[in-house]
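The chain contents come next:
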Amino acid sequence: VPVTNMTIDPFAATVENGRIAGRGACDVKGSLAVLLCLIDQLARQELKNRSQLLFSFTCDEEYGETGILDLAQSLATGGRGSTILRKLGRQPDLAIVCEPTDLHLVAAHKGTVRWKIETGGIAAHSSDPSQGQNAIYKMARLVKSLEQDASQLPMSREPHPLAGGPTLSVGRITGGTSVNIVPDCCSIEIDRRLAPGEQPLEAVASVEAFLNQDPDLEFRMLPPFTQAPPLSNEGNRELAEKVLGCLQHRFQEARILGVPFGTHAARLAAIGIPSLVFGPGSIQQAHTPDEWIEISQLEAAESIWQRIVQLDLETERSPA
């Protein structure tokens, strides 16, 4: 996440008015600090019935997800990280991914698939546009159709009770080479949010089928450059209720939620580990020019984690 145009010193960790401010303060260095404090405390304590813990701090969360994909592969197959499974003896019974959730518990969230669509044309001198074919005009008609599809999409299926329905947004458009040349190329980038139960490639195929209903639209679909699955609460219901009790011991208003953004929890759920999302701070502060987190939320999160690590995780589910 860049620091351009920030209104505060991005890396000073300024403490003022009960807050710590800086880039990543809530997303997600606050949780990182809480977990490091927890590790230090656990190393000093002799707690009975304490769960066996695996702490993972993965890289590249915002783009390629290389860290979590490598960890998930290691946990699923033994892979390069087979020493992890040897020490644990089996897959974890529960994964809690840290994100700013305002101390609520997230049990479901949307996924994402992103891809490009291109239109082509014939370049010509702009003094006589009739000699060419304008790729931007073609794209304008296609974008208008996508706007119609996007408006209908949330009602196209029963919304998930926690995460809601799917959405589509055209987030970027690029075309042409110069103002005095009829453009022979134009491309857009699409962000399609997946409701729990949807598959990325099926969502892409659905958009292509919708556009193909208009024979006048000429375009080329490129393969997705981002595929992040949604998180369903089907596999974590029982454990979510247990973890929620830990939250409510310190934060009575805590409840189980769904959110529109994605997390690493879906990658771990995909290999059979029931996964939840929890952390201090608000997603409304993530990536902002003056990003901050309340110190009181850090303290509450630390207290909550102390109870989580002593949970009895026995459930009726079969071993992963």
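Scroll up a little and you will see the structure.
Reading guide: rules and limits
Just so you know, the residues in each chain are numbered from 1, in the order the chain's sequence is written. Only residues with pLDDT of 70 or above have their local features reported here, since the model is predicted, and side-chain atom pairs are shown and tallied only from 80 upward, although totals for entire chains, interfaces and linings are computed over all residues. Remark: hydrogens and water are excluded; side-chain values derive from all non-hydrogen atoms of the structure. Only DSSP runs of H or I with at least four residues qualify as helices, and only runs of E with at least two residues qualify as strands; both kinds are numbered from the N terminus onward. A simple rule labels every residue: compare its accessible area, found with a 1.4 Å probe on the protein chains alone, to the largest value its type can have, and call it buried under 20%, exposed over 50%, or partly exposed in between. Working rule for contacts: check all heavy atoms of both residues, and any pair within 4.5 Å makes them a contact. In these tables, accessible area is a Shrake-Rupley quantity obtained with a 1.4 Å probe, and a residue counts as shielded only by the protein chains included in the view. Neither His nor the chain ends is counted toward charge; the positive residues are Lys and Arg and the negative residues Asp and Glu. Throughout, a charge is located at the NZ atom of Lys, the CZ atom of Arg, the CG atom of Asp or the CD atom of Glu. Note on aromatic contacts: the rings of Phe and Tyr and the six-membered ring of Trp form a pair at centre separations within 6.5 Å, being stacked when their planes are under 30 degrees apart, edge-to-face when over 60 apart, and tilted otherwise. We count a charge as sitting over a ring when the NZ of a lysine or the CZ of an arginine lies within 6 Å of the ring centre and within 35 degrees of the ring normal. Here the nonpolar core consists of buried residues drawn from Ala, Val, Leu, Ile, Met, Phe, Trp, Tyr and Cys, with membership extended through side-chain atoms lying within 4.5 Å. A pair of strands is labelled paired if DSSP reports no fewer than 2 bridges between them. Orientation is described by lines fitted to C-alpha atoms, with helices fitted over the stretch in contact, and by angles between N-to-C directions that extend from 0 to 180 degrees. Patch rule: a residue counts if its relative accessible area is over 30% and it has no salt bridge; like charges are joined within 9 Å, and nonpolar side chains (Val, Leu, Ile, Met, Phe, Trp, Tyr) within 5 Å. Note on definitions: salt bridges are taken to be side-chain nitrogens of Lys or Arg within 4 Å of carboxyl oxygens of Asp or Glu. For a helix, the expected span equals 1.5 Å multiplied by the residue count minus one. Residues adjacent in sequence count toward polar contacts only when both atoms are side-chain atoms; beyond that, a polar contact is any pair of N or O atoms within 3.5 Å, and within protein one must be able to donate a hydrogen and the other to accept it. This arc describes the spread of directions from the helix axis toward the C-beta atoms.

A. The arrangement of the overall build of the protein in detail. A tally of helices and strands in the protein yields eight helices and 12 strands. Principal axes of the C-alpha set define a box for the protein whose edges measure 80 × 50 × 40 Å. Expressed as a percentage of the 320 residues in the protein, the buried residues total 43%. In the protein, of all internal contacts separated by at least 6 residues, the share reaching a separation of at least 24 is 77%. Summing over all exposed atoms, the protein offers an accessible surface of approximately 17,100 Å²; the carbon and sulfur share of this is 51%. For the protein, the separation between the mean place of its 28 positive charges and that of its 39 negative charges on side chains is 4 Å.

B. Quick look at the packing of aromatic side chains. Tallying each qualifying case throughout the model produces one aromatic pair. The ring of Trp292 is capped by Arg19, whose NZ or CZ atom sits 3.5 Å from the centre of that ring.

C. Quick look at the nonpolar core. Ranked by internal contacts, the top residues of the largest apolar core, which has 31 residues, are Leu105, Val243, Leu247, Phe278, Trp305 and Ile308. Within the residue set of this core, elements represented by two or more residues are α1 (25-44), β3 (95-98), β4 (105-109), α6 (237-250), β11 (275-278) and α8 (295-308). Among the nonpolar cores identified, the runner-up in size contains 22 residues, and Trp115, Ile117, Leu168 and Cys186 belong to it.

D. Fine view of the environment of Pro129. In this fold, Pro129 is placed in the loop between β5 (111-120) and α4 (135-152). The class for Pro129 is partly exposed, based on a relative accessible area of 47%. In sequence terms Pro129 and Arg172 are 43 residues apart; their C-alpha atoms lie 25 Å from each other.

E. Quick peek at the sheet that holds strand β2 (residues 19-21). Strand order across the open sheet formed by three strands is β1-β2-β12, with antiparallel pairing between neighbours. With partners counted over all chains shown, the strands left at the sheet margins are β1 (14-16) and β12 (292-294), one partner each. With direction set aside, neighbouring strand axes in the sheet form an average angle of 25°. Sheet analysis places β1 next to β2, joined by three bridges and oriented antiparallel.

F. Local environment of a nonpolar patch on the surface. A cluster of nonpolar residues, Leu32, Leu36, Ile39 and Phe57, forms a patch on the protein surface that exposes about 330 Å² of accessible area. Classification of Leu32 as partly exposed rests on a relative accessible area of 33%.

G. Fine view of α8. Counted at 1.5 Å a residue, the expected span for α8 with its 14 residues is 20 Å, and the 20 Å between its end C-alpha atoms agrees. Listing the buried residues of α8 in full gives Gln297, Leu298, Ala300, Ala301, Glu302, Ile304, Trp305, Gln306 and Ile308. Where the residues of α8 are buried, they touch β2, α1, β3, α6, β11 and β12.

H. Quick look at the sheet that holds β3. Spatially, four strands are ordered β3-β11-β4-β10 in an open sheet, and the strand pairing comes out mixed. Unpaired on one side and paired on the other, β3 and β10 (256-259) mark the two borders of the sheet. Shown here is a sheet whose adjacent strand axes are inclined to one another by a mean of 45°, direction ignored.

I. A look at the pattern of salt bridges. Considering all chains together, one arrives at 14 salt bridges under this definition. A salt bridge links Arg19 to Glu294; its shortest N-O distance comes to 3.4 Å. Taken together, the positions of Arg19 in strand β2 and Glu294 in strand β12 put the pair 275 residues apart, joining distant regions of the chain. Owing to a relative accessible area of 31%, Arg19 belongs among the partly exposed residues under this scheme. Each of Arg114, Asp191 and Arg193 takes part in one network of salt bridges that share partners.

J. Examining the side chain of Arg192 more closely. Note that Arg192 resides in strand β7 (residues 185-194). A relative accessible area of 3% means that Arg192 is categorised as buried. Of note is the side chain of Arg192, whose polar atom sits 2.9 Å from the side chain of Glu198. Excluding its chain neighbours within four sequence positions, the residues that come into contact with Arg192 are Gly111, Thr112, Val113, Trp115, Leu153, Pro166, Thr167, Leu168, Glu198 and Ala203.

K. Up close: helix α5 (residues 200-211). With 12 residues, α5 ought to run about 16 Å at 1.5 Å a step, and its terminal C-alpha atoms sit 17 Å apart, in line with that. Of all the residues in α5, the buried ones are Pro200, Ala203, Val204, Val207, Phe210 and Leu211. Down the axis of α5, the smallest arc covering the buried residues is 125°, so these residues share one side. When the buried face of α5 is taken as reference, the exposed residues oriented beyond 90 degrees from it are Leu201 and Glu202. In the core, the buried residues of α5 are packed alongside β5, α4, β6 (167-175), β7, β8 (220-221) and β9 (226-228).

L. Quick look at the side chain of Glu198. Along the chain, Glu198 falls in the loop between β7 and α5. In terms of polar contacts, Glu198 uses its side chain to reach the backbone amide nitrogen of Ala195, at 2.8 Å. Dropping the residues within four chain positions of it, Glu198 is found in contact with Arg157, Pro166, Arg192, Arg193 and Pro230.

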